[in-house]
Amino acid sequence: VEARDARAEREAEHTKAEFTAIATQQLRPSVTAIAEAADRLRKSLPERLTDEQHKSLQQISRYTQHINSSFSNMLLVCGLELGNLPVRPQSLNLADFCQSVVEAIRIVHLKDRTLEINEDYAENLPEVAVDFELMRTVLHNLISNAVKFTPDTGHINIRISQTEQKLGPNSKGSVQIEVQDSG
């Protein structure tokens, strides 16, 4: 009986992941169309838009970017649950990469907050081979959660350091990313 229940539960989870992936893929083009329409309006009518209208169109662009990012995260999770998550490692400078993720979070999540994000990246970090999208998703989620649970008077520290820990026979060491918040 337990084996049947476990199998039924796995099948239900599989069906849920498939539905979520299909729904996400169906919704993403509509959200992208909304973002593109807002950008076209903002660019084609700049002199006729009030400041409030211009600000609203910028918000639409930011929010649709956030929604599309959430869709990407959902598709990654579904791929993981379905067992078909392709990993595509590529060489990456973690300091530059992390700075770009932090900047995106500042634009979307910190526009009306006084929360402080401190970045401390070791010098001469080696390039690492990681899946760009997976790494972006993980780092974005870690920092976004820190932002969400940290009060406006708080701070978030993001640190990248190189360690001597070897993760494989050809490893020259590893790189460690830390996200610490005061929330």
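Shown above is the structure to which this text applies.
Conventions used here
- Residues numbered from 1 in each chain as written.
- Predicted model: local features only at pLDDT ≥ 70, side-chain atom pairs only at ≥ 80, totals over all residues.
- Heavy atoms only, no water.
- Core = buried A, V, L, I, M, F, W, Y, C linked by side-chain atoms within 4.5 Å.
- Buried < 20%, exposed > 50% of the residue type's maximum accessible area, 1.4 Å probe, protein only.
- Helix = DSSP H or I, 4+ residues; strand = E, 2+ residues; numbered from the N terminus.
- Contact = heavy atoms within 4.5 Å.
- Axes fitted to C-alpha atoms, helices over the stretch in contact; angles between N-to-C directions.
- Parallel < 35°, antiparallel > 145°, perpendicular 65-115°, else oblique.
- Left-handed = near helix turned anticlockwise from the far one by under 90°.
- Nonpolar A, V, L, I, M, F, W, Y, C, P; charged D, E, K, R; others polar.
- Pairing = 2+ DSSP bridges.
- Salt bridge = Lys/Arg side-chain N within 4 Å of Asp/Glu carboxyl O.

With respect to the nonpolar core
Ranked by size, the top nonpolar core spans 23 residues in total, and within it Tyr121, Ile143 and Ile158 carry the most contacts. Considering each element in turn, this core owes the most residues, seven residues, to helix H3 (residues 94–109). Setting aside chain neighbours within four positions, we find tyrosine 121 in contact with Ala95, Cys98, Gln99, Val102, Ile158 and Ile160.

Describing the packing of H3 against helix H4 (residues 132–148)
Running from N to C, H3 and H4 cross one another at 45°; their axes reach a closest spacing of 10 Å. In terms of axis orientation, H3 runs oblique to H4. Taken as a pair, H3 and H4 cross one another with a handedness that is right-handed. Every residue of H4 that contacts H3 at Leu94, Phe97, Cys98, Val101, Val102, Ile105 and His109 is listed here: Phe132, Met135, Arg136, Leu139, His140, Ile143, Ser144 and Val147. For the contact of H3 with H4, the residue count by class is 11 nonpolar, three polar and one charged.

What about the sheet that holds strand S2 (residues 116–121)?
The pairing of strands in a sheet comes from backbone hydrogen bonds and takes either a parallel or an antiparallel form. Spatial ordering of the open sheet is given by S2-S4-S5, a layout of three strands whose pairing is mixed. Strands at the two margins of the open sheet, each flanked by one partner only, are S2 and strand S5 (174–181). Averaged over all pairs of adjacent strands, the angle between their axes in this sheet comes to 10°, without regard to strand direction. When strand S4 (residues 155–163) meets S5, the two strands line up antiparallel, connected through eight bridges. Bridge pairing in S5 links isoleucine 160 to isoleucine 177. Sitting on the sheet, H3 is in contact with S2, S4 and S5, with an inclination near 175° to S2. Packed on one face of the sheet, H4 meets S4 and S5 and runs near 25° to S5.

So, the packing of helix H2 (residues 51–82) against H4
Where H2 contacts H4, the two axes come as close as 11 Å, and the packing angle between them is 115°. For the element pair H2 / H4, the angle class is roughly perpendicular. In the crossing of H2 with H4, the sense of the turn from one axis to the other is left-handed. Taking contact as the criterion, the partners of Ser69, Ser72, Asn73 and Leu76 in H2 are, on H4, Glu133, Leu134, Arg136, Thr137, His140 and Asn141. Taken together, the residues of the contact of H2 with H4 sort by class into two nonpolar, six polar and two charged.

Describing the pattern of salt bridges
This model, assessed by the stated rule, comprises seven salt bridges. For the salt bridge of lysine 16 with glutamate 13, the shortest nitrogen-to-oxygen distance reads 3.5 Å. Note that lysine 16 and glutamate 13 are positioned in helix H1 (residues 2–44) at a spacing of three residues, about one turn of the helix. Notably, a salt bridge pairs glutamate 119 with arginine 106, separated by 3.2 Å at the nearest N-O pair. With glutamate 119 in strand S2 and arginine 106 in helix H3, the pair connects residues that are 13 residues apart, well separated along the chain.

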